[in-house]
Every structure is written in structure tokens, then in C-alpha cells.
Amino acid sequence: MAQPSVPTIYVYKPKKFIMVSCFVFFGICAWVLAHVAQTEEGGLTLVIYRHIVEFSLSPYEAKLFYWVLCFVSGLFSIVGLFGFYKAFTSKAQILIMKNEIHIPSSIFVPSKIAIIAFEDIHSVEVHQVNKNRSIKIIHKDGKAHVNQIMLEKKEMLDEIFEILRARVNLK
């Protein structure tokens, strides 16, 4: 593989469709759970895996359970809305220089950047969970991740991995 021009830049931000989907789905979940919490008068019995574990909740406990689920769903919905905002406003990018890589530490604080010298990298691995792939970089100060879902194209993860493999001297 030919060495890419230095520096190489990859835009690294949330996908708009996924963030809107998160906002809408969890918003609907929060709305339904709030409605159930307000109107449900009976208790709740939770049966887990063929009656191996079974919980019975009183009407008060059931309402509390529904409100907690509503709150958590609302938080996830807010995270989706924030991610949608970040998809438009974030200027986060992965920057590959001659001797180091710059990776945003978080989508929530893209100004915090991990600058990792290639000589400090101990290992580079590609992980896959279902269809979601990521690169895990273990270096002298800890770990860093590059998630495929945050890149513009799926192929970019393979490009970054190949660049890292070519430039990192692994023992």
C-alpha cells in the first residue's frame, strides 16, 4: 500500500440519521412509559426465562418502575438530540501525521484530543460487535478507539488500520 500524503484527515462525527432515530425511538418510549405510569393501576409481575426468576411489584412499585424507565428513555432521547446537534456542529477529525495520530477522545468533548505517537503504540486491533467495527489502539498512556460508525465511509476504518499497521513497529 502506498504511503498516503501527510497529514491525512478523516472527519469523525455522529451520523445524523442514527441520532434522529435515537431521539425519536427513545422519545416515543419515554412518552409511552409516562402514559403507562400515569394510568396503570395494577401491579406488575416480571417473569425472566421460564419462571426461573420472578418478581411481583405492588401498584406503587410498578408505577415507580415505569417512571424510572421513562426517565432513562428520556435521557437516551436527549443524548440522541445532542448527537444530532453535534453531527451538524462538530469539527472533530482524526488526523494522521508522519509520527503520530490525533483522535478525539469523545463526541461530547471533541476539543479533547488524544495525541498518540506511533512509537508509543503497543497494539492495534480491529474489533467487531455485530456489524459495528472499531479499532482499539493500546498505547503507553492507555487506550483509544476509532469507531467505524463515526466515519463518513466504512472503508475509512480499513484505511486507518492499514496506515497504523504500516507505521507502528509492533514486536
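Predicted model, so just to flag it, every value in this text is computed and none were measured.

1. Concerning the overall build of the protein
Along the protein, the regular secondary structure elements total three helices and nine strands. Along the chain direction, N to C, the helices and strands of the protein fall in the order β-α-β-β-α-β-β-β-β-β-β-α. In summary, the protein has a C-alpha radius of gyration of 22 Å against a globular reference of 16 Å for 171 residues, an excess of more than 25%. Taken along its principal axes, the extent of the C-alpha atoms in the protein is 65 × 40 × 25 Å. Long-range contacts, defined as pairs at least 24 residues apart, comprise 53% of the intrachain contacts of the protein with a sequence gap of at least 6. Here the protein has roughly 11,300 Å² of accessible surface; of this, 62% comes from carbon and sulfur atoms. Here the protein carries 19 positive and 14 negative side-chain charges, and the mean point of each set is 6 Å from the other.

2. Section: the sheet that holds strand S5 (residues 100–104)
Spatially, four strands are ordered S1-S4-S5-S6 in an open sheet, and the strand pairing comes out antiparallel. Strands with a single pairing partner mark the edges of an open sheet, and in this sheet they are strand S1 (8–11) and strand S6 (113–117). Put simply, the sheet's adjacent strands are angled 15° from each other on average, direction ignored.

3. A few points about the environment of Leu44
Within the secondary structure, Leu44 is located in strand S2 (residues 44–48). Separated by 80 residues in sequence, Leu44 and Val124 have C-alpha atoms that sit 48 Å apart. Not counting the four nearest positions on each side in its chain, Leu44 is found in contact with Phe55, Ser56, Leu57, Ala62, Phe65 and Tyr66.

4. Considerations on helix H2 (residues 59–89)
Side chains that are three or four residues apart share a direction in an α-helix, a result of its 3.6 residues per turn. Taking 1.5 Å of rise per residue, 31 residues should cover 45 Å, and H2 covers 45 Å from first to last C-alpha, within 8% of that figure. Of the residues making up H2, those classed as buried are Ala62, Tyr66, Cys70, Ser73, Gly74, Ser77, Gly80, Gly83, Lys86 and Ala87.

5. Some remarks on the sheet that holds strand S9 (residues 142–147)
Each strand in a sheet pairs with its neighbour through backbone hydrogen bonds, running either in the same direction (parallel) or in the opposite one (antiparallel). Within the open sheet, the three strands sit side by side as S7-S8-S9. Their pairing is antiparallel. Two strands close off the open sheet at either side, each with one partner strand: strand S7 (121–129) and S9. Each neighbouring strand pair of the sheet contributes to a mean axis angle of 20°, computed without reference to strand direction. In terms of strand pairing, S7 meets strand S8 (residues 132–139) through eight bridges, oriented antiparallel. Within the sheet, the bridge partner assigned to Glu125 lies in S8 and is Lys136. Strands in contact with helix H3 (residues 155–167) are S7, S8 and S9; relative to S8, the strand with the most contacts, it is inclined by about 25°.

6. Topic: the nonpolar core
Residues Ile94, Ile135, Val146, Leu151, Ile160 and Leu164 are the most contacted members of the largest nonpolar core, which totals 23 residues. Broken down by secondary-structure element, the contributors of at least two residues to this core are strand S4 (93–96), S5, S7, S8, S9 and H3. With six residues, the top contributor of residues to this core is H3. In contact with Val146, other than residues within four places in its own chain, are Tyr12, Ile94, Ile103, Arg133, Ser134, Ile135, Ile137, Leu151, Leu157 and Ile160. Ala30, Leu44, Ala62 and Tyr66 belong to the second largest nonpolar core, which has eight residues in total.

What counts, and where the lines are drawn
Residues numbered from 1 in each chain as written. Predicted model: local features only at pLDDT ≥ 70, side-chain atom pairs only at ≥ 80, totals over all residues. Heavy atoms only, no water. Helix = DSSP H or I, 4+ residues; strand = E, 2+ residues; numbered from the N terminus. Rg over C-alpha atoms; globule rule 2.2 N^0.38 Å. Contact = heavy atoms within 4.5 Å. Areas by Shrake-Rupley, 256 points an atom, 1.4 Å probe, with all protein chains shown as cover. Lys, Arg positive; Asp, Glu negative; His and termini not counted. Charge placed at Lys NZ, Arg CZ, Asp CG, Glu CD. Pairing = 2+ DSSP bridges. Axes fitted to C-alpha atoms, helices over the stretch in contact; angles between N-to-C directions. Expected span 1.5 Å × (residues − 1). Buried < 20%, exposed > 50% of the residue type's maximum accessible area, 1.4 Å probe, protein only. Core = buried A, V, L, I, M, F, W, Y, C linked by side-chain atoms within 4.5 Å.

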